[in-house]
Amino acid sequence: MSHGHGHHEHSHHHHEHEPVEGSWADPADDRPLSIARRQFLAGLGLTAGAIALGTPSPSASAAGAPAEVMNPWSGAQRWLAGDHHIHTKFSPDAQYEVATQVAHARQYGLDWMVITDHGGVAHEKFSIDQVSPDIERARQANRDILVYQGLEWNIPGAEHATVFLPPGRNTVDILRAFEAGYDGNVLSTPADKGGKGLIARPTSADGEAYALQALEFLQRQVASGRTEIALMFANHPARRGLDSPHEIRGWRDTAPQVAVGMEGAPGHQAAGIPATAGGVGEARGYYDKAPDPDSFPGYHPTAAENPYRTYGGFDWMTAKVGGLWDSLLAEGKPWWITSTSDSHQVFTDTFKPGTQDYNATGSRGTPIDTGTPQKYGDFWPGFYSRTLVGARSRSYVDVMQALQAGKIIAVHGRLIDGLDLRVRALTEGDRRGATIGGHTFVRRGSDVEVTIDVTPAGGANYHGFVPKLAKVDLIAGPVTGPAGDPDALAAPATKVVKTFEVPGKARGAVRFTHVFKGVDGPFYLRLRGSDGNRLAADGGPVMDVSGAADPWSDLWFYANPVFIDTL
């Protein structure tokens, strides 16, 4: 990378990189792993995009699915840092120019970013035509960062999601048609006010079918060749309890190459900073909500466990071992997590929104410098949250394909600079194995070795200190197949199987290994790590306290899973 990170330049910019497999959905892609994926789907009697792709059962493997490794390990990974959830003055509740967000993303070491202004009637009518040329100008002026155009979609019947595409001649037209036809705000706004008046509220249950139609629409754009790839990540999924388990499963199963994951850690991480320290004194992530009529009733907040709060800055769906995320993984469903800024208004920034009428123009106008630090709850892109992606190259499609393939680590506060995970069968002489987001096959009874090489922070984070990784948890659970209840939200057999303590004087990469002896059925594993400052009795994260949550004193990373099937 050539852009100046100063003493903050991260080692993940300099690793050797490895190929990423082709798109799961692209029948024209003749790269070997894309062919392997199509053969794998054919062996399960599926077509790409037909139903959820999961880790196959042993009987399915025996029926003809080839034992092809997905995301094969090939040595040190090159990590590209990014953020898929960023707002500008073209959102009704944000304020910055596109150029300002891009400049700060570059300053804070990002390689890629997505502009995701809120969908709605004014955005579809006015904003998209204004933000598109601003994004193109930013791309031309900043060749060392990828600037994607996207949308924060109001998912009908649910919360928000990032939807984005690579640059292309049809990108703006696809986003415009998607928003006009399927945004929850557009669908719920009466026709005499510019909307469609088809559902009661953006989040009401009568919108759920439209969400599935929207994802089918995106999948058709890929299948028809109008865009090479399209992705959707559900944003702040537990914040209001609106994303029910059956909706998440429905999105993924309807469009498994498009709906690929969720924010494991939401943005607005500065919102928990006390007012006495210049913060807004609210909940970290603005996770201060309670159930409303559209919330899923199965999320039962109590004093001891509250799905509507963050845990170590991470969403409850991700943070709870054996919780909702694990319930999806236990089905064998690839469902990935990320970390973003959701940057609207930045902590202690002196600017306030412009005075333009958003509803009439689609823009809040030029922001105004007050000269006085304001009480805001966000960080600049890259300043605190990073989604590290193991892409083949720093190109638009390759980064998206790596996201689609799950080669992702969510990191806060530069707790680590990189991670090399290798999972392989020892008893079969497997010299390669799979890495993050991958899927490998072993013979029943094999010993499976996990090798974890962690690259600690090589310098100070943007708060000015070098974070210290204290421990890494290896989490694993059996793959048990499709859930009988689409609203299942627990995987009780998933456990922390090993905690590795990081030596206090460790310098450079630290290696940990673990062997699963005599594996007798399909399972998955994943990793998380902590600075150890705030831990529950079981070693997990603690529920964040509204108005008293310093994000810099409670740092975590989470890596996406590897699936291991038995033959």
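Quick note: structure is the one above.
Conventions adopted
Residues numbered from 1 in each chain as written. Predicted model: local features only at pLDDT ≥ 70, side-chain atom pairs only at ≥ 80, totals over all residues. Heavy atoms only, no water. Helix = DSSP H or I, 4+ residues; strand = E, 2+ residues; numbered from the N terminus. Contact = heavy atoms within 4.5 Å. Buried < 20%, exposed > 50% of the residue type's maximum accessible area, 1.4 Å probe, protein only. Phe/Tyr/Trp six-rings, centres within 6.5 Å; stacked < 30°, edge-to-face > 60°. Core = buried A, V, L, I, M, F, W, Y, C linked by side-chain atoms within 4.5 Å. Axes fitted to C-alpha atoms, helices over the stretch in contact; angles between N-to-C directions. Parallel < 35°, antiparallel > 145°, perpendicular 65-115°, else oblique. Left-handed = near helix turned anticlockwise from the far one by under 90°. Nonpolar A, V, L, I, M, F, W, Y, C, P; charged D, E, K, R; others polar. Pairing = 2+ DSSP bridges. Polar contact = N/O pair within 3.5 Å; in protein donor to acceptor, adjacent residues only side chain to side chain. Salt bridge = Lys/Arg side-chain N within 4 Å of Asp/Glu carboxyl O.

A. Main features of the overall build of the protein. A count of helices and strands for the protein gives 12 helices and 22 strands. Residue pairs in contact within the protein that sit at least 24 positions apart in sequence constitute 77% of those at least 6 positions apart.

B. Structural detail: helix H8 (residues 245-254). Burial within H8 is extensive, with eight of its 10 residues counted as buried. On its buried face, H8 is in contact with helix H7 (208-223), strand E6 (231-235), strand E7 (259-265), helix H9 (316-319) and helix H10 (324-329).

C. Layout of the packing of aromatic side chains. A complete count under the given rule lists 25 aromatic pairs for this structure. Ring geometry for Tyr148 versus Phe164: centroids 5.2 Å apart, planes at 80°, classification edge-to-face. Remark: Phe164 occurs in strand E5 (residues 160-165) and Tyr148 occurs in strand E4 (residues 146-154); sequence separation between them is 16 residues. In this structure, Tyr148 and Phe164 share a single accessibility class: buried. Their ring planes at 65° and their centres at 5.7 Å tell us that Phe379 and Trp552 sit as a pair that is edge-to-face. Here the residue Phe379 occupies a position in the loop between strand E12 (368-369) and strand E13 (385-389), and Trp552 occupies one in the loop between strand E21 (523-530) and strand E22 (556-566), the gap between them amounting to 173 residues.

D. Structural view of the nonpolar core. Formed by 132 residues in total, the largest nonpolar core has its most connected members in Trp153, Met232, Trp251, Ile409, Leu419, Leu525 and Phe557. Per element, the largest residue contribution to this core is seven residues, and it comes from E22. Setting aside residues no more than four positions away along its own chain, Trp251 makes contact with Ile155, Ala158, Ala211, Leu212, Leu215, Met232, Ala234, Asp243 and Ala259.

E. Main features of the packing of helix H5 (residues 171-182) against H7. Running from N to C, H5 and H7 cross one another at 165°; their axes reach a closest spacing of 10 Å. With respect to H7, the axis of H5 lies roughly antiparallel. Here H5 runs over H7; the crossing is right-handed. Listed contacts from H7 to Ile174, Ala177, Phe178 and Tyr182 of H5 are Tyr210, Gln213, Ala214, Phe217, Leu218, Arg220 and Gln221. By residue class, the composition of the contact of H5 with H7 is eight nonpolar, two polar and one charged.

F. View of the pairing of strand E15 (residues 416-425). Along E15, 10 of the 10 residues are buried, which leaves the element largely enclosed by surrounding structure. Direction of pairing for E15 relative to strand E17 (residues 448-456): antiparallel, over a ladder of nine bridges. Across the sheet, residue Leu421 finds its bridge partner in E17, namely Ile452.

G. Looking closely at the environment of Gln130. Of note, Gln130 is situated in helix H4 (residues 121-141). On the basis of relative accessibility, which here comes to 29%, the residue Gln130 falls in the partly exposed class. Each C-alpha atom, one on Gln130 and one on Thr361, is 9.8 Å from the other, the two residues being 231 residues apart in sequence. For Gln130, the contacting residues outside a window of four places in its chain are Phe90, Thr361, Gly362 and Ser363. One polar contact links the side chain of Gln130 to the main-chain carbonyl oxygen of Phe126, over a distance of 3.2 Å. From its side chain, Gln130 meets the backbone oxygen of Thr361 in a polar contact 2.7 Å long.

H. A look at the pairing of E22. Among the 11 residues that make up E22, 11 are buried, leaving the element largely enclosed by the rest of the structure. Bridge analysis of strand E14 (residues 408-412) against E22 gives three bridges, and the strand direction is antiparallel. For Ile409, the partnering residue across the bridge sits in E22 and is Ala559. When strand E16 (residues 434-442) meets E22, the two strands line up parallel, connected through four bridges. Within the sheet, the bridge partner assigned to His439 lies in E22 and is Phe563. Here seven bridges tie E21 to E22, and the two strands are oriented antiparallel to one another. Across the sheet, Leu527 pairs through a bridge with Ala559, a residue of E22.

I. Highlighting unusual backbone geometry. Positive phi outside glycine occurs at Asn71, with the angle close to 55°. Within the secondary structure, Asn71 is located in strand E1 (residues 70-72). What makes Asn71 buried here is its relative accessible area of 0%. At His236, a residue that is not glycine, the phi angle is positive and equals roughly 30°. You can call His236 buried: its relative accessible area is 2%.

J. Region of interest: the pattern of salt bridges. The full count for this structure, using the stated rule, is 26 salt bridges. Note that Asp134 and Arg137 form a salt bridge whose closest N and O atoms lie 2.4 Å from each other. Separated by three residues within a single helix, Asp134 and Arg137 lie in helix H4, roughly one turn from each other. Looking at Asp134, the relative accessible area reads 17%, which means it is buried.

K. Examining the environment of Ala275 more closely. Tracing the backbone through its elements, the reader meets Ala275 in the loop between E7 and strand E8 (310-311). On the basis of relative accessibility, which here comes to 39%, the residue Ala275 falls in the partly exposed class. Excluding its chain neighbours within four sequence positions, the residues that come into contact with Ala275 are Gly281 and Lys375.

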